[in-house]
Amino acid sequence: MRTEHAGGLTTMTRELVLEGPPDLRRIYATAALKRAAGHDGLPDLRVVRRGVTVDPDNLARYARACQFTLSERLPLPYPHLLGFPLQMVVMSQHDFPFPLVGSIHVENVITVSKPLTLADPLDVAVHAENLRLHPKGRQVDLVTEVSSGDQTAWRGVSTYLARGAEHPEAVASEPPTLDALESVRSGPTWRFGERTGRMFAGIGGDWNPIHVHPILAKPLGFPTAIAHGMYSYSRCVAALQPRLPQSGVTSHVWFRKPIRLPSTVRLRTAFEHHRMLSLLEGVKRDLDHAVLEHTW
């Protein structure tokens, strides 16, 4: 148990310490058989793994798939893969207000205070916060903190949306205007094949049915399987990484239209002093898939 202080009140947060990574296929299978309980609050829970070491083979597979240069330094988005299984443990709790299957990852913010390396033993902790209304339902933040020694070196905030009763008065986070990209006509182009979702699921552990196969995605409202948002985001960061500082950087992505598989996409970027603004779009410029902003 940990003592937390909020608004002058003292509460006890339950801490669940895991000795190893949870079985995400089992979590998804169990989640598919139950419905959300409809709670109005969040589980008072912090899920932790201590002394985590990065699997070099998994890191190499991730680097190849996302086209990062393989080195001892962890790519900026990679610690998300360490925290994601713990997010799923939090979201699979009986008192979590959203269904795990069907929740949509709509936004992600990563702040890097200190570069992490393959050799660093890491402590990873996840909790949920900021349950709030959204124009199309409700959303919540899953916060992942990765520490090296006594310092939080990496922090990620993943925002998930559960569609439901509409709230037109609610305010949703919106990306910055894209005026700076009007003069940018070209950028790297990538083909995401039909197997992309299964490939990245094997690396990152996210076996959500919407990413795995069209037959599984259709009952959840998608005509085809769709790419993982964190895969398309990682491809973008890999292309931008040579111009990013190793620390003191914040990487913010707003996910827009999902990438149906197979698809061809293009990344356009405007480079400014201490800022990069990027748009991942369909190659025909007919769909906006993600907006990225990097600041330092």
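The structure under discussion appears in the preceding block.
Residues numbered from 1 in each chain as written. Predicted model: local features only at pLDDT ≥ 70, side-chain atom pairs only at ≥ 80, totals over all residues. Heavy atoms only, no water.

**Student:** Help me understand the pairing of strand 10 (residues 263–272), please; the structure alone is not making it clear to me.
**Tutor:** Strand residues, when the strand is regular, have side chains that alternate between the two faces of the sheet. With seven of 10 residues buried, strand 10 lies mostly within the body of the structure. Alignment of strand 8 (residues 189–192) against strand 10, held across four bridges, turns out to be antiparallel. By the bridge assignment for strand 10, Trp190 is matched with Val265. Taken together, the eight bridges between strand 10 and strand 11 (residues 275–282) define a ladder with antiparallel strand orientation. Paired with Glu272 across the two strands is Arg275, which belongs to strand 11. Following strand 10, the chain reverses through two residues before pairing antiparallel with strand 11; His274 in that reversal takes a positive phi of roughly 65°. (Buried < 20%, exposed > 50% of the residue type's maximum accessible area, 1.4 Å probe, protein only. Helix = DSSP H or I, 4+ residues; strand = E, 2+ residues; numbered from the N terminus. Pairing = 2+ DSSP bridges.)

**Student:** Would you mind going over the environment of Glu107 with me for this structure?
**Tutor:** With respect to the secondary-structure elements, Glu107 resides in strand 4 (residues 104–112). The exposure class of Glu107 is buried, given its relative accessible area of 9%. Linking Glu107 and Glu174, residues 67 residues apart in sequence, is a C-alpha distance of 9.6 Å. When sequence neighbours within four positions are dropped, the list of residues in contact with Glu107 reads Val157, Ser158, Thr159, Ser173, His252, Val253, Trp254 and Phe255. (Contact = heavy atoms within 4.5 Å.)

**Student:** Explanation requested: a positive patch on the surface in the structure shown.
**Tutor:** Taken together, Lys136, Arg163, Lys257 and Arg260 make up a surface patch of like positive charges. With respect to the helices and strands, the residue Arg163 is situated in strand 7 (residues 151–163). (Patch = residues over 30% accessible without salt bridge, like charges linked within 9 Å, V, L, I, M, F, W, Y side chains within 5 Å. Areas by Shrake-Rupley, 256 points an atom, 1.4 Å probe, with all protein chains shown as cover. Salt bridge = Lys/Arg side-chain N within 4 Å of Asp/Glu carboxyl O. Lys, Arg positive; Asp, Glu negative; His and termini not counted. Charge placed at Lys NZ, Arg CZ, Asp CG, Glu CD.)

**Student:** Where do I start with unusual backbone geometry in this structure?
**Tutor:** With the exception of glycine, the majority of residues adopt a negative phi angle, and the majority of peptide bonds are in the trans configuration. A cis amide bond links Leu261 to the next residue, Pro262, at an omega of 0°. Here Pro262 lies in the loop between strand 9 (249–255) and strand 10. One non-glycine residue, Gln67, adopts positive backbone phi at about 70°. Along the chain, Gln67 falls in the loop between helix 2 (56–66) and helix 3 (79–91). Even without being a glycine, Asn130 presents a positive backbone phi close to 60°. You can see Asn130 is positioned in strand 5 (residues 122–134).

**Student:** So what exactly am I meant to see when it comes to the packing of helix 2 against helix 4 (residues 196–204) here?
**Tutor:** Packed helices, taken two at a time, are described by their axes: the angle between them and the distance between them. In contact at an axis separation of 9 Å, helix 2 and helix 4 are set at 150° when each is read in the N-to-C sense. Judged on the interaxial angle alone, helix 4 and helix 2 are roughly antiparallel. Taken as a pair, helix 2 and helix 4 cross one another with a handedness that is left-handed. The residues of helix 4 that touch helix 2, namely those facing Asn58, Arg61, Tyr62, Ala65 and Cys66, are Met199, Phe200, Gly202 and Ile203. When grouped by side-chain class, the residues that make up the contact of helix 2 with helix 4 number six nonpolar, two polar and one charged. (Axes fitted to C-alpha atoms, helices over the stretch in contact; angles between N-to-C directions. Parallel < 35°, antiparallel > 145°, perpendicular 65-115°, else oblique. Left-handed = near helix turned anticlockwise from the far one by under 90°. Nonpolar A, V, L, I, M, F, W, Y, C, P; charged D, E, K, R; others polar.)

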